[in-house]
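Each chain is listed here by its residues.
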Amino acid sequence: MTVIPESDIAGSQTELELAPGAEPVARTNWQLFRRRFFRHKLALASMVVLFVLIVVCFGAAWIAPFPKNETNLLIVPGGPSAHHWFGTNEAGQDMLTQVLYGGQISLKIGLAVAFFSTVVGVVVGAIAGFFGGWIDQGLSRLTDLFLIVPELAILGVAIQRLGRSDNAFIFVLAALGWMYIARVVRGQVLSIREKEFIEAARASGASGTRIIVRHILPNCIGPIMVNATLAIAAAVIAETTLTYLGLGLQPPATSWGILLNQAEGAVTSTSQFYLVFFPGLFLILTVLAVNFLGDDLRDAFDPQSHH
Amino acid sequence: MLTYIVRRIFYSVPVLVIASFLVFWGIRTTYDPTAKLRTSRDAARVIAQRRHELGLDKSIVSQWWTWFTSFLHGNLGVSDRTNGDVWKMITHALWPSLQLMFFGIGFALVLAIAVGVYSAVKQYSVGDYLFTGVSYIGIAMPTFLFGLLAIALVVTLPVTWFHLNQPILYSVGLHSTGQSGFNLDYLRHLALPVLTLTVQSVAVWSRFQRASMLDVLNADYVRTARAKGVPKRKVIFGHAFRNALIPLVTVVALDSAFLVGGLVITEQIFSIGGMGRLFLEALSGGDAPVLLAWFLVVAVFVIVFNLIADLMYSVLDPRIRVS
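Residues numbered from 1 in each chain as written. Chains lettered and ligands numbered in written order. Predicted model: local features only at pLDDT ≥ 70, side-chain atom pairs only at ≥ 80, totals over all residues. Heavy atoms only, no water.

A word on the overall build of chain B
Across its full length, chain B carries 13 helices and zero strands. For chain B, the proportion of contacts with a sequence separation of at least 24, taken over those separated by at least 6, is 69%. The distance from the centre of the 26 positive side-chain charges to the centre of the 16 negative ones in chain B is 9 Å. (Helix = DSSP H or I, 4+ residues; strand = E, 2+ residues; numbered from the N terminus. Contact = heavy atoms within 4.5 Å. Lys, Arg positive; Asp, Glu negative; His and termini not counted. Charge placed at Lys NZ, Arg CZ, Asp CG, Glu CD.)

Concerning the interface of chain B and chain A
Tallying the contact residues gives 63 residues for chain B and 49 residues for chain A. Contact between chain B and chain A buries roughly 5000 Å² in total, counting both sides, with carbon and sulfur atoms accounting for 75%. When the buried surface of chain B facing chain A is broken down by residue, Tyr 124, Tyr 136 and Phe 144 of chain B rank first, second and third, together holding 15% of it. Counting across the interface, chain B meets chain A through zero salt bridges. (Buried area = accessible area lost by both parts, 1.4 Å probe. Salt bridge = Lys/Arg side-chain N within 4 Å of Asp/Glu carboxyl O.)

Observations regarding the side chain of Thr 240 of chain A
Tracing the backbone shows Thr 240 of chain A in helix 10 (residues 221–244). Polar side-chain contacts of Thr 240 of chain A include one of 3.0 Å to the backbone oxygen of Ile 237 of chain A. Ignoring any residue separated from it by four or fewer positions in sequence, one finds Thr 240 of chain A in contact with Ser 106, Trp 256, Gly 257 and Leu 283 of chain A together with Phe 144 of chain B. (Polar contact = N/O pair within 3.5 Å; in protein donor to acceptor, adjacent residues only side chain to side chain.)

Some remarks on the nonpolar core
If you look at the biggest cluster of nonpolar residues, it comprises 166 residues, and the most contacted ones within it are Val 276 of chain A together with Ile 27, Trp 205, Phe 279, Trp 294 and Phe 295 of chain B. The greatest single-element share of this core, amounting to 17 residues, is contributed by helix 13 (residues 288–316) of chain B. Residue contributions to this core reach at least three from each of two domains, namely domain 1 (2–72) and domain 2 (93–316) of chain B. Beyond its immediate chain neighbours, meaning those up to four positions away, Ile 27 of chain B contacts Val 157 of chain A together with Ala 288, Leu 291, Leu 292 and Phe 295 of chain B. In this structure, Ile 181, Ile 198, Ala 201 and Ala 206 of chain A belong to the second largest nonpolar core, which totals 15 residues. (Core = buried A, V, L, I, M, F, W, Y, C linked by side-chain atoms within 4.5 Å. Buried < 20%, exposed > 50% of the residue type's maximum accessible area, 1.4 Å probe, protein only. Domains from an automatic or database assignment.)

Notes on unusual backbone geometry
Cis geometry is found at the peptide bond from Pro 251 of chain A to Pro 252 of chain A, where omega equals 15°. In this structure, Pro 252 of chain A sits in the loop between helix 10 and helix 11 (256–262). Phi angles above zero are rare outside glycine, and Tyr 124 of chain B is one such case at about 65°. Mapped onto the secondary structure, Tyr 124 of chain B falls in the loop between helix 4 (86–121) and helix 5 (126–140).

Looking at the packing of helix 4 of chain B against helix 13 of chain B
All names here are of chain B. Two elements in contact, helix 4 and helix 13, have axes whose closest approach is 11 Å; the angle formed by their N-to-C orientations is 35°. Along this stretch, helix 4 crosses helix 13, giving a crossing that reads as right-handed. Judged by residue contacts, Val 86, Met 89, Ile 90, Leu 94, Met 101 and Ile 105 of helix 4 engage Pro 289, Val 290, Ala 293, Trp 294, Val 297, Phe 301 and Phe 305 from helix 13. Considered class by class, the residues forming the contact of helix 4 with helix 13 number 13 nonpolar, no polar and no charged. (Axes fitted to C-alpha atoms, helices over the stretch in contact; angles between N-to-C directions. Left-handed = near helix turned anticlockwise from the far one by under 90°. Nonpolar A, V, L, I, M, F, W, Y, C, P; charged D, E, K, R; others polar.)

So, the domain arrangement of chain B
Residue and element names in this part refer to chain B. Here chain B is partitioned into domain 1 (2–72) and domain 2 (93–316). Relative placement of domain 1 and domain 2: their C-alpha centres are 34 Å apart. In this complex, domain 1 contributes 15 residues to the contact, which on the side of domain 2 involves 15 residues. For the pair domain 1 and domain 2, the summed buried area comes to about 1400 Å², and 84% of that belongs to carbon and sulfur atoms. One can count zero salt bridges joining domain 1 with domain 2. For the interface between domain 1 and domain 2, the tally reads zero residue pairs in polar contact (both at pLDDT 80 or more). Those elements that provide at least two residues to the side of domain 1 that touches domain 2 are helix 1 (2–30) and helix 3 (60–72).

Some points on the packing of aromatic side chains
All names here are of chain B. Under the definition given, this model contains 24 aromatic pairs over all chains. With a centroid separation of 5.4 Å and an interplanar angle of 90°, the aromatic rings of Trp 294 and Phe 295 are classed as edge-to-face. Accessibility classification places Trp 294 together with Phe 295 in one group, the buried group. Among the aromatic residues, those joined into a ring-pair cluster are Phe 21, Phe 24, Trp 64, Trp 65, Trp 67, Phe 68 and Phe 71. (Phe/Tyr/Trp six-rings, centres within 6.5 Å; stacked < 30°, edge-to-face > 60°.)

Side note on the pattern of salt bridges
Residue and element names in this part refer to chain B. If you walk through the whole model with that rule in mind, you get six salt bridges over all chains. Where Asp 128 meets Arg 210, a salt bridge forms, and the shortest distance between an N and an O atom there is 2.9 Å. Linking Asp 128 in helix 5 with Arg 210 in helix 7 (residues 184–217), this pair joins segments that are 82 residues apart in sequence. In this structure, Arg 223 and Asp 220 form a salt bridge, with 3.6 Å as the shortest nitrogen-oxygen distance. With Arg 223 and Asp 220 both in helix 8 (residues 220–227) and three residues apart, the pair spans about one turn of that helix. On the basis of relative accessibility, which here comes to 36%, the residue Arg 223 falls in the partly exposed class. By relative accessible area, which is 54% here, Asp 220 ends up exposed.

Brief notes about helix 6 (residues 143–162) of chain B
Residues and elements named next belong to chain B. The end-to-end C-alpha separation of helix 6 is 28 Å, in line with the 28 Å expected for 20 residues at 1.5 Å each. The axis of helix 6 is deflected most strongly, by about 35°, at Thr 156, and proline Pro 158 appears within four residues downstream. Looking one or two residues past helix 6, His 163 carries a phi angle of roughly 50°, positive in sign. (Expected span 1.5 Å × (residues − 1). Bend = angle between axes of the 7 residues up to and from the residue.)

As for the packing of helix 1 of chain B against helix 13 of chain B
All names here are of chain B. With their axes 10 Å apart at the nearest point, helix 1 and helix 13 run at an angle of 155° to one another. In terms of their interaxial angle, helix 1 and helix 13 are classed as roughly antiparallel. For the pair helix 1 and helix 13, the crossing hand works out as right-handed. Along the contact surface, helix 1 presents Tyr 4, Ile 5, Arg 8, Ile 9, Ser 12, Leu 16, Ser 20, Val 23, Phe 24, Ile 27 and Arg 28, while helix 13 presents Ala 288, Leu 291, Leu 292, Phe 295, Leu 296, Ala 299, Val 300, Ile 303, Asn 306, Leu 307, Asp 310 and Leu 311. (Parallel < 35°, antiparallel > 145°, perpendicular 65-115°, else oblique.)

A few points about the environment of Phe 107 of chain B
Residues and elements named next belong to chain B. Checked against the element boundaries, Phe 107 lands in helix 4. Residue classification places Phe 107 among the partly exposed residues on the basis of a relative accessible area of 32%. Apart from residues no more than four positions distant in its own chain, Phe 107 is found in contact with Val 194, Leu 195, Thr 198 and Val 202.

A closer look at the confidence of the model for chain A
Atom-level detail of predicted coordinates should not be read off regions where pLDDT is low. Summing up the model confidence of chain A, the mean pLDDT is 81 and the portion of residues at 70 or higher is 86%. Every residue in residues 2–18 of chain A scores below 50 in pLDDT, and together they form 42 contacts with partners more than four places removed in sequence or on other chains. (pLDDT = per-residue confidence, 0-100.)

A short note on the environment of Ile 265 of chain B
Tracing the backbone through its elements, the reader meets Ile 265 of chain B in helix 11 (residues 256–269). Owing to a relative accessible area of 5%, Ile 265 of chain B belongs among the buried residues under this scheme. In the structure, Ile 265 of chain B is positioned 236 residues away from Thr 29 of chain B in sequence and 25 Å away in space, judged by C-alpha atoms. Setting aside residues up to four positions removed in sequence, Ile 265 of chain B forms contacts with Leu 152, Thr 241 and Leu 245 of chain A together with Thr 143 and Phe 144 of chain B.

Next up, the structure:
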């Protein structure tokens, strides 16, 4: 979905200050403080949450209380207890263990997709923006094409075709995701390449590649970082959604999507609610943390911003 | 106006044609309609004969052309799964989906605009922070997870705790058996699917409305109006509000394809037999004719929706003339 730059507000603020004789918006110290405090604390907390999530999920082999997918039919499925913190499911699997191992796959997909789509998107976007021509035309037409079909539907078909594995997910999501980043980078490059310092670089004999790599891309780092973080969230949501719908990963693989898919019946019984709650909690925590981080990066990289 | 509409439709034809070819190629190479013949006796000959009957031995372009021209003639073919007429299946599924879309977009627009305008007018108030916090959670909430949580917390929990005979809001279908039409029963069925479909849209759109309202409120003409002594309420609703709606129209139009994706999830969770369910059934059943028709119908819907959005611009801002 579309994301709103929070800095819009800051932008109009500067405008007010520049206008001669204009009254600046009265804002108490308490309001300013609340605003700053709120933002920075959240970004810091998001960093910590993300870090902890990544460590516990990828360190599941050492941290998880039980071996992966270990089924124990002797235990009665039940809610959280001292022995099973997140309870156990129908197959007698410890949910804490499953959630941690599930996070491995979900987070791996998110991080890998963000990495690959950013790399491809930056390269194509920079070339399209700087040199224009058929690459630029092609990029615009391609993104137009994808605007008229729901992404979920394309993903669904593509995943059936490529086999329902985590690597197929990474490939398909990156293949769709790079276009957004390419468009953002293209827009940035288009405005930066007209600046005087680019002209100066060209006058001193710098090649096109050098101008892009040394002069233009460092100036686009903000939007690139923001979109890379948002790509993590989008990929994690896409994987869990498709898997929940039964179109994605399949057991014996474990992901948050699979756990939520298996817990589908649990929503009609109060005593089994924990089967939805814990994977869902981890999923939302991840997306929230990534979104907050992206938002704060946007502010931090925005020279107009007053935070 | 009319020439504009005609020209826009004319422009969208090549996009639609190319999209239909890509979808056709993708689906034809994914699903083999002769897969179930593989176990039959003398498989190689039977399959070759069937492929010839279906025209699969021709090139992909000519296969697509055959399909596309018959589509233009209103012949969408026959379902691989049910042998039913695809056109009938689509029109049958369209009605529940259109209801969800209609009420969903209406609900989301009203709520998002109200929240956005309030947050902008009372910027940095407690209410603004509250809405900001809620919208962050809304944006981070995957549609399907919201649906599951809504069923658990709104339907299951009260029934168990208060020993109700029937839930306050239903989570299956659009009508109880034997009921039809627009009544209380319908609304009790509609509430949760509509909420699930639109939770992300409300969150994002309200943030957008807030940002654009703030932009407008800080514009010179608004300050002039205030300086002339126009009452605040009149400035907000008479001068600012209408202009602040324009950016939202763009966002809503761009999100129409996303909403169709949400429809797939919502209809699956709430067992509503609309376009979303049809897509999932066709996809898991390998029903290529239905999938092809589905993609084309959805693409047409999104294009029409974007056209309506373009026409809305000129309604909101008389300076923008469509011609």
